[in-house]
Amino acid sequence: MASTIGFRIARLPHLWRSILDRRLAPLGLTQTRWVTLYHLWRLGEGQPQCELARAIGVEAPSLVRTLGQLEEQGLIERRACENDRRSKRIYLTPAAIPLLEQIDSVAKEARKEILAGLTEENLHQLDEWLTLIESNGLAIQTRDQDAPVS
């Protein structure tokens, strides 16, 4: 059983995004766009592009195209940082808020369905286990990065 846990953990984010993609398709948003908007909303406005990219798990140059598309749709604004004119901070426009509320509503309903059958105690335990697994993984990653290449 332990040999399949990693595969199942890896499959869940794909399953989750697939469910949300299907349900958000009527809003005319690609996965890349809704993920970017949702992360910006959750992180708070004025995020530097590089921080937003890190939170989403993409390279900053990959995010630039998506931000351009969202800007064309009138959903975000990119503004130069006061301290560093080369760096851009990202802000939501008022037009983005109703769309984000719809995304949030869809995500909450999907979360309720995917977690059906789990009690609050189960969810708390699952969160503790996932935190431990993530912590172990980060420790391994750090150790491996610090190890000399042979």
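Look above for the structure.
Residues numbered from 1 in each chain as written. Predicted model: local features only at pLDDT ≥ 70, side-chain atom pairs only at ≥ 80, totals over all residues. Heavy atoms only, no water.

Caption draft 1: Looking closely at the nonpolar core. With 26 residues, the main nonpolar core has Leu37, Ile76 and Ile103 as its most contacted residues. Elements represented by at least two residues in this core include exactly helix H1 (2–24), helix H2 (31–43), helix H3 (49–56), helix H4 (60–72), strand E3 (88–92) and helix H5 (96–114). At seven residues, the largest contribution of residues to this core is made by H5. With residues up to four places along the chain from it excluded, the contact list for Ile76 reads Leu37, Leu40, Leu67, Leu70, Glu71, Ile90, Tyr91, Leu92 and Thr93. (Core = buried A, V, L, I, M, F, W, Y, C linked by side-chain atoms within 4.5 Å. Buried < 20%, exposed > 50% of the residue type's maximum accessible area, 1.4 Å probe, protein only. Helix = DSSP H or I, 4+ residues; strand = E, 2+ residues; numbered from the N terminus. Contact = heavy atoms within 4.5 Å.)

Caption draft 2: Looking closely at a nonpolar patch on the surface. Among the surface-exposed residues, Ile5, Ile9, Leu118, Leu126, Trp129, Leu130 and Ile133 lie close enough to one another that they form a single nonpolar patch of about 600 Å² accessible area. Only H1 and helix H6 (120–146) provide two or more residues apiece to the nonpolar patch. Looking at the nonpolar patch element by element, the count peaks at four residues for H6. Among the structural elements, Ile133 can be located in helix H6. By relative accessible area, Ile133 is classed as partly exposed at 45%. (Patch = residues over 30% accessible without salt bridge, like charges linked within 9 Å, V, L, I, M, F, W, Y side chains within 5 Å. Areas by Shrake-Rupley, 256 points an atom, 1.4 Å probe, with all protein chains shown as cover. Salt bridge = Lys/Arg side-chain N within 4 Å of Asp/Glu carboxyl O.)

Caption draft 3: Molecular detail of H2. Over its 13 residues, H2 runs 18 Å from end to end, which matches the ideal 18 Å to within 8%, given 1.5 Å per residue. Inspection of H2 places Arg33, Trp34, Val35, Thr36, Leu37, Tyr38 and Leu40 among the buried residues, and these make up the whole buried set. Gly44 occupies a position one or two residues after H2 and carries a positive phi of about 105°. (Expected span 1.5 Å × (residues − 1).)

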